[in-house]
Amino acid sequence: KYKSLKIALEEYVAQSRFKTFYVSDVTTEFLNDFTGYMSDERDLSVNTINKYQSCFNTFMDYLTNEIKVNKNMAYRDFKKTNRNRNSESKVVLLREHVKKIIDWKPDNERYGKVRDLFVFQIMTGVRFSDLERINKSFVKNKYLSFVMFKTATRVNIPLHPKASKILAKHDYRLGDICKAIQNYNSDIKTVCERAGLTDEISSLNI
């Protein structure tokens, strides 16, 4: 489990503002960002995230109490994730919202790629963990056919014409493009704002 945590941290650091990572970098902001990364980009369940958090705290306790190389106590704020945390709220895009995103003319190459990747996700329903793996081998006739990273089950997704157009536009290298983009989730928010999605979001409690 420590190896899994190490891999998750390495992947997070690689796509964040950190070039190297020290115990002094463990702040409340870092802990929140890392939790968000595990939830939103790695698509991990709450139980799995909690195991990572417990493992992280155990290791930091070892650095602090046993070998005494850490004096930064911020890690103790790394508490277990609540199953009802706000970040699990779902935002639903209506047809008119999707049309705005598709019709928007990006003035920035990076945001143009983010828009295309996001539209592809909308049209296919693929998770981020699968999006970053997509290449030409995933396309079988008019279907996106692959084994999902999270569940290890095979899916065959009919390709919407717009999804096929995005694949052809980027020479089927969506996975490579996705891996090269840092802070994909925050970029999606910027794309949506620039595309005119500025409506206030309301919550519905059932």
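Residues numbered from 1 in each chain as written. Predicted model: local features only at pLDDT ≥ 70, side-chain atom pairs only at ≥ 80, totals over all residues. Heavy atoms only, no water.

Novice: Explain the overall build of the protein to me, please; I cannot follow it from the model alone.
Specialist: Broken down by element type, the protein carries nine helices and three strands. Overall, the protein shows an N-to-C arrangement of helices and strands of α-α-α-α-α-α-β-β-β-α-α-α. For the protein, the proportion of its 206 residues judged to be buried stands at 40%. In the protein, the proportion of contacts linking residues at least 24 apart, taken out of those at least 6 apart, comes to 60%. Accessible area of the protein: about 13300 Å², with a carbon and sulfur share of 50%. (Helix = DSSP H or I, 4+ residues; strand = E, 2+ residues; numbered from the N terminus. Buried < 20%, exposed > 50% of the residue type's maximum accessible area, 1.4 Å probe, protein only. Contact = heavy atoms within 4.5 Å. Areas by Shrake-Rupley, 256 points an atom, 1.4 Å probe, with all protein chains shown as cover.)

Novice: Explain the packing of aromatic side chains to me, please; I cannot follow it from the model alone.
Specialist: Note on aromatic pairs: each is described by the distance of the centres and the angle between the planes. Under the counting rule described, the total for this entry stands at six aromatic pairs. Judged by centre distance (5.6 Å) and plane angle (35°), the ring pair of Phe128 and Tyr184 falls under tilted. Of this pair, Phe128 sits in helix H6 (residues 128–131) while Tyr184 is found in helix H9 (residues 184–194), placing the two residues 56 residues apart along the sequence. Just as Phe128 is buried, Tyr184 falls in that class too. Connected via pairs of aromatic rings, a cluster forms that spans Tyr12, Phe30, Phe34 and Tyr37. (Phe/Tyr/Trp six-rings, centres within 6.5 Å; stacked < 30°, edge-to-face > 60°.)

Novice: Quick question: what am I supposed to make of the pattern of salt bridges here?
Specialist: Side chains that differ in sign of charge can pair as their charged atoms come close. If you walk through the whole model with that rule in mind, you get nine salt bridges. Close ionic contact of Asp187 with Arg110 constitutes a salt bridge, the shortest N to O distance being 2.6 Å. Remark: Arg110 occurs in helix H5 (residues 109–124) and Asp187 occurs in helix H9; sequence separation between them is 77 residues. By relative accessible area, which is 7% here, Asp187 ends up buried. In this structure, a network of salt bridges that share partners links the residues Arg115, Asp116 and Lys169. (Salt bridge = Lys/Arg side-chain N within 4 Å of Asp/Glu carboxyl O.)

Novice: It is not clear to me how the nonpolar core should be interpreted in this structure. Could you clarify?
Specialist: It is characteristic of soluble globular proteins that their nonpolar side chains tend to be buried jointly. Counting 33 residues, the largest nonpolar core has Phe120, Ile134, Leu144 and Tyr184 as the members making the most contacts within it. When residues of this core are traced back to their parent elements, those giving at least two are H5, H6, strand E2 (143–147), strand E3 (154–158), helix H7 (161–169), helix H8 (174–180) and H9. Contact partners of Leu144, with chain neighbours within four places excluded, come to Phe120, Thr124, Val126, Ile134, Phe138, Val139, Val155, Asn156, Ile157 and Leu159. With 19 residues, the next largest nonpolar core counts Val13, Met38, Ile49 and Leu63 among its residues. (Core = buried A, V, L, I, M, F, W, Y, C linked by side-chain atoms within 4.5 Å.)

Novice: Even after reading the chapter, I still don't get the environment of Ile102, so can you show me in this structure?
Specialist: Within the fold, Ile102 resides in helix H4 (residues 95–103). Residue classification places Ile102 among the partly exposed positions, given a relative accessible area of 25%. Setting aside its immediate chain neighbours within four residues, Ile102 contacts Arg115, Val119, Met123 and Lys162.

Novice: Is there a simple way to explain H7 in this structure?
Specialist: Residues lying three or four places apart along an α-helix face the same way, a consequence of the helix completing one turn every 3.6 residues. Turning to H7, its buried residues number three or more, namely Ala163, Ile166 and Leu167. An end-on view of H7 places all buried positions within 100° of arc, on one side of the element. Those residues of H7 that are exposed and angled more than 90 degrees off the buried face are Pro161, Lys165 and Lys169. Where the residues of H7 are buried, they touch H5, strand E1 (139–140) and H8. Asp171, located one to two residues past H7, shows a positive phi value of around 55°. (Arc of directions from axis to C-beta.)

Novice: Sorry, what's going on with unusual backbone geometry here?
Specialist: Trans peptide bonds make up the majority, and among non-glycine residues the majority have a negative phi. A positive phi is found at Lys68, a non-glycine position, where the angle reads about 55°. The residue Lys68 is located in the loop between helix H3 (46–66) and H4 in this model. Its relative accessible area of 63% is what places Lys68 among the exposed residues. Notably, Asn141 is not glycine yet its phi reads approximately 55°, a positive angle. Its location among the elements puts Asn141 in the loop between E1 and E2.

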